[in-house]
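# Remarks on the overall topology
Listed below, chain by chain, are the residues.
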Amino acid sequence: MDISLFAPRHMDIGGGAASRIAAMLHRLGVSRPLIVTDPVMVSLGLIDRIRAPLDQAGIPHAIFSDTVPEPVDTVIEAGVRFAADLDIDCIIAFGGGSPIDTAKAINILRAAGQGARMRDFKVPHTADHAALPLIAIPTTAGTGSEATRFTVITDTGTDEKMLIAGLGALPVAAIVDFELSMSVPARTTADTGIDAFTHALEALVSRRANPISDGYARAALRLIGPNLRTVYREPDNRAARAAMMLGATLAGLAFSNASVALVHGMSRPIGAHFHVPHGLSNAMLLPAVTRYSLNAALPRYAEAARLAGFAPDTDADQLAGARLLEELETLNHDLAVPTPSAFGIARSDWDRTQPTMATQALASGSPANNPLIPDETQIMKIYAEIY
Ligand SMILES: [Fe+2]
């Protein structure tokens, strides 16, 4: 089996690790960072967790904080213009998945030079080149973006969430500090946690899974499964926050090397057309897509259920698979995940958009990694089912 492995060169993981940002830059031989973050990180003061140690080390830094949730191409272009004349030698991406994905995209577009557009890089094209070393510091657990070779950017011209993949999107280094996630609101904690769980599950059942991605996916499921509800109910539980943060990074490493599958393929169009947060649209789909796919990879789904603590080790595959389906439904209930209808999407809009969403889901390539590969009609059937 040929394996192509992608991972950051260095990761500093642990409570308080963000305070070691200056040491990280020193190790990488860089000293003039642009910080890409979002306005909330600035207004809440969380950004000071890295600004203070940078100031202390006498490292000047510029900040671009005009990022938006579920990043769009126009904001990326604005970021490239903002950074054009700055004397910088690296980028620090600080925040949830959106600022990190934004920073990656700015870095790719900056390298491409004048006239390049974000859509030039969407899959099946590759984005192997970036301008500067990028250090990612996630504040949610999480998209795993700090550990992946992917960024997802919406094309404002077509309302398409474009998957952009390549070495150019892979951070050179990451700092994974669970203390940054302690004050994340419950809704975001749930959404990003389900996203991380979905990454681990989809990586384990992916047709592109390999022994290395399996190792990451299994370790991630063991950490995320038992802690997902705990961080939602007990936001101050440090052990659970630490487990989720590490689990999310491991899940990122898993899917960066095995790819995601049908849940993500169908989830991106929901996000693009109806502005549903990424983790939430995953959660809306997860039970139905798992039911559709289960028997095509039953031993893997059953293993995932056991690793996550949803089924005892003694359960045979059939029973463990059934428990997984049950648990995914219960999880959505416990984490207050709405259906598209309860989210406020009108039936007529949902029905009208389904064919476009199905086309875009297939075009992303992710459904081709699913244990059972659907056609457009089957994808539309699942969209109809979850409404
Ligand atoms: Fe995701």
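Here's a quick rundown of the structure. None of these values were measured; they are calculated from a predicted model. (Residues numbered from 1 in each chain as written. Predicted model: local features only at pLDDT ≥ 70, side-chain atom pairs only at ≥ 80, totals over all residues. Heavy atoms only, no water.)

### Looking at the sheet that holds strand β8 (residues 173-176)
This is how it is decided: Here, any two strands with at least 2 DSSP bridges between them count as paired. Helical segments are the DSSP runs of H or I of at least four residues, strand segments are the runs of E of at least two, and each set is numbered from the N terminus. Where helices are involved, their axes are fitted lines through C-alpha atoms of the stretch in contact, as for all axes, and angles between N-to-C directions lie from 0 to 180°. Throughout, a residue-residue contact means that at least one pair of heavy atoms, one from each residue, lies within 4.5 Å.
Judged by pairing direction, the sheet is parallel, and its six strands sit side by side in the order β1-β8-β5-β4-β2-β3 without closing on themselves. Looking at which strands have only one partner, the edges of the open sheet turn out to be β1 (10-13) and β3 (62-64). Each adjacent strand pair in this sheet contributes to an overall mean axis angle of 20°, direction not counted. Note: strand β4 (residues 90-95) against strand β5 (residues 134-138), five bridges, orientation parallel. Directly across from I91, in β5, lies its bridge partner L134. Of the strands in this sheet, β2 (33-36) and β3 are in contact with helix α4 (residues 73-84), which crosses β3 at around 165°.

### Looking at the coordination of the iron ion
Short version of the rule: Note on donors: an N, O or S atom is included if it sits within 2.8 Å of the metal, or within 3.2 Å for Na, K and Ca, and water is never included, so sites can look incomplete. To sort residues, take the accessible area from a 1.4 Å probe on protein chains only and compare it with the maximum for the residue type: under 20% means buried, over 50% means exposed, and anything in between is partly exposed.
Protein coordination at the iron ion comes from D195 (OD), H199 (NE2), H264 (NE2) and H278 (NE2), with a distance range of 2.1 to 2.2 Å. Considered as a linear motif, the donors of the iron ion on their single chain read D-x3-H-x64-H-x13-H. Placement of the pair is H264 in helix α10 (residues 262-274) and H278 in helix α11 (residues 278-293), with a sequence separation of 14 residues. Using a relative accessible area of 18% as the deciding quantity, one classes H278 as buried.

### Thoughts on helix α1 (residues 21-28)
Residues spaced three or four apart along an α-helix face the same direction, because each turn holds 3.6 residues. We apply this condition: This arc is built from the directions going out from the helix axis to the C-beta atoms.
Within the span of α1, buried status applies to I21, A22, M24 and L25. Viewed along the axis of α1, the buried residues span an arc of 160°, placing them on a single side of the element. Exposed and facing more than 90 degrees away from the buried side of α1 are H26 and R27. Along its buried surface, α1 packs onto β1, β2, α3 (48-56), β4, β5 and β8. Downstream of α1 by a residue or two, G29 has a phi angle that is positive, lying close to 75°.

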